[in-house]
Amino acid sequence: MDLEAVRTFAAVAAAGQFQKAAADLRLTQQAVSKRIATLERDLGVRLFTRTPRGAELTIDGQAFLPHARELLRVAERAVGSVRAGRRPLRVDVIASRGAGASLMRGFHGAYPEIDLDVVMLFDVEAAVTGIRSGAVDASFRAVRAPGRPLPEDIASARVLDEPLELLTGPGHALAGARSVTLDQLVGHRIWMPGIVPGTEWAAYYDDLVAEFGLTIEATGPNFGSDVLLDTIADTPALATFMSERTRLVWPAGHDLRRIPVTGPVPVYPHSLLWHRDNPHPALATLRAHLAAVGGGHDAAGTWRPGWVLPD
């Protein structure tokens with residue numbers, strides 16, 4: 001069914017005259033008559049009866065009118081759902097407790113009038129696919145794996161270098177330290193079951209191990225943060241890394257310790273990725289906000305993977 005013909009039908013019904021409807025639609029009267037004739041042929045019924053006073057709806061026309069108006073309303077909503085600035089800005093934050101989610105909470109606080117749709121995709125491949133297809137407008141991603149540069153149509157900007165912290169239970173040998181150096185961590189077992197081979201965060205920790213001789217174990221299934229915290233609290237031989245902005249809550253009896261890591265401070269470099277041709281106006285606002293609140297990158301006394309490409 002031709003939507004423009006339906007729109008013309010509704011205009012004639014409202015105006016009561018073909019001539020006035022043609023003027024309202026900025027069409028010739030001949031074009032209006034042709035559209036109505038096409039619609040009547042498609043429906044197999046007459047919609048109007050011409051009278052000296054203009055055009056009156058037939059019984060079939062009266063029956064069709066409310067449905068025609070609903071068709072036009074649905075079409076308008078459909079267009080509005082994808083028109084730049086009319087739909088929510090959709091952003092991938094990887095995880096609800098991570099830095100990306102924290103940055104988006106800050107953005108929402110600064111711009112509460114902007115509608116947001118926050119999603120969580122698995123890895124950079126899924127994020128890039130989503131950005132290129134239009135499923136998401138932007139994604140927070142930490143690093144680019146060696147030999148896997150971003151496609152040319154994907155832009156990126158570093159938005160945050162996030163320090164890592166050591167998380168231990170009360171019985172761990174380093175539990176009483178106010179800070180620990182990377183050299184002090186050599187020989188200690190750092191358990192991180194959430195590391196998945198082939199992901200950008202796996203590549204990051206592989207580089208950290210190679211650079212400083214750490215022992216990072218990714219053995220066992222990943223049952224989520226609650227089980228990880230339970231295990232770290234009860235196992236003096238194990239510790240884990242947590243990013244500084246990761247939001248965690250644990251039972252008071254766990255007595256877990258978050259200990260800054262220094263000498264140098266390992267930082268996890270987060271970037272925002274987006275399609276170069278994305279027209280959503282809120283995307284520019286998000287980028288400007290992140291540029292304004294972002295911390296110093298490559299600051300003295302910090303370490304990040306040497307293979308991360310500059311933005």
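What counts, and where the lines are drawn
Residues numbered from 1 in each chain as written. Predicted model: local features only at pLDDT ≥ 70, side-chain atom pairs only at ≥ 80, totals over all residues. Heavy atoms only, no water. UniProt positions renumbered as here; feature names shortened; annotations may be inferred. Axes fitted to C-alpha atoms, helices over the stretch in contact; angles between N-to-C directions. Helix = DSSP H or I, 4+ residues; strand = E, 2+ residues; numbered from the N terminus. Parallel < 35°, antiparallel > 145°, perpendicular 65-115°, else oblique. Left-handed = near helix turned anticlockwise from the far one by under 90°. Contact = heavy atoms within 4.5 Å. Phe/Tyr/Trp six-rings, centres within 6.5 Å; stacked < 30°, edge-to-face > 60°. Buried < 20%, exposed > 50% of the residue type's maximum accessible area, 1.4 Å probe, protein only. Lys NZ or Arg CZ within 6 Å of the ring centre and 35° of its normal. Polar contact = N/O pair within 3.5 Å; in protein donor to acceptor, adjacent residues only side chain to side chain. Salt bridge = Lys/Arg side-chain N within 4 Å of Asp/Glu carboxyl O.

With an unreviewed UniProt entry as reference, the protein is termed LysR family transcriptional regulator, source organism Streptomyces sp. Y1. Turning to the protein, the UniProt annotation filed under Sequence similarities (unreviewed entry) states: "Belongs to the LysR transcriptional regulatory family."

### Here we look at the packing of helix α5 (residues 99–110) against helix α10 (residues 281–293)
It is the contact of α5 with α10, at a shortest axis distance of 11 Å, that shows an interaxial angle of 110°. Relative to α10, the element α5 is oriented roughly perpendicular. Handedness of the crossing formed by α5 with α10: right-handed. Note on element contacts: α10 touches α5 through Ala282, Thr285, Leu286, His289 and Leu290, opposite Leu103, Met104, Gly106, Phe107 and Ala110.

### With respect to the packing of aromatic side chains
The relation between two aromatic rings is expressed through the spacing of the ring centres and the mutual angle of the planes. With the rule as written, the count across this model stands at eleven aromatic pairs. Ring plane angle 50° and centroid distance 5.2 Å describe the contact between Phe9 and Phe64, whose orientation is recorded as tilted. Remark: Phe64 occurs in helix α4 (residues 59–82) and Phe9 occurs in helix α1 (residues 3–15); sequence separation between them is 55 residues. Like Phe9, the residue Phe64 is buried in the burial classification. Residues Tyr205 and Tyr268 carry aromatic rings whose centres are separated by 6.4 Å and whose planes lie at 25° to one another, so their mutual orientation is stacked. A residue pair is termed long-range when its members are at least 10 positions apart, and Tyr205 in helix α8 (residues 200–212) and Tyr268 in strand β12 (residues 265–275) qualify at 63 residues. Taken together, the ring pairs in this structure connect Tyr204, Tyr205, Phe212, Phe241, Tyr268 and Trp303 into an aromatic cluster. Directly above the aromatic system of Phe18 lies the positively charged group of Arg50, at a separation of 4.0 Å from the ring centroid.

### Digging into the UniProt feature "domain: HTH lysR-type" (unreviewed entry) in the protein
As recorded in UniProt, the feature "domain: HTH lysR-type" (unreviewed entry) lies at residues 1–58. The distance from the first to the last C-alpha atom of residues 1–58 is 20 Å, and the span holds 62% helix and 14% strand.

### Considerations on the side chain of Glu165
Examined against the element boundaries, Glu165 turns out to sit in strand β6 (residues 154–168). In this structure the side chain of Glu165 is engaged in a polar contact, spanning 2.8 Å, whose partner is the side chain of Arg258. With near-sequence residues (within four places) excluded, Glu165 lies in contact with Thr240, Phe241, Met242, Glu244, Arg258, Ile259, Pro260 and Val261.

### Focus on the pattern of salt bridges
Summed over all chains, the structure comprises 16 salt bridges. A salt bridge links Arg73 to Glu70; the shortest N-O distance between them is 2.9 Å. Placement of the pair is Arg73 and Glu70 together in helix α4, with a separation of three residues, close to one helical turn. Across the pair Glu217 and Arg189 runs a salt bridge, and its minimum N-O distance is 2.9 Å. Separated by 28 residues along the polypeptide, Glu217 in strand β9 (residues 215–217) and Arg189 in strand β8 (residues 189–191) bring together distant segments of the chain. Look at Glu217 and you get buried, because its relative accessible area is 19%. On the accessibility criterion, Arg189 (37% relative accessible area) is partly exposed. The network of salt bridges with shared partners includes Arg158, Asp161, Asp298 and Arg304.

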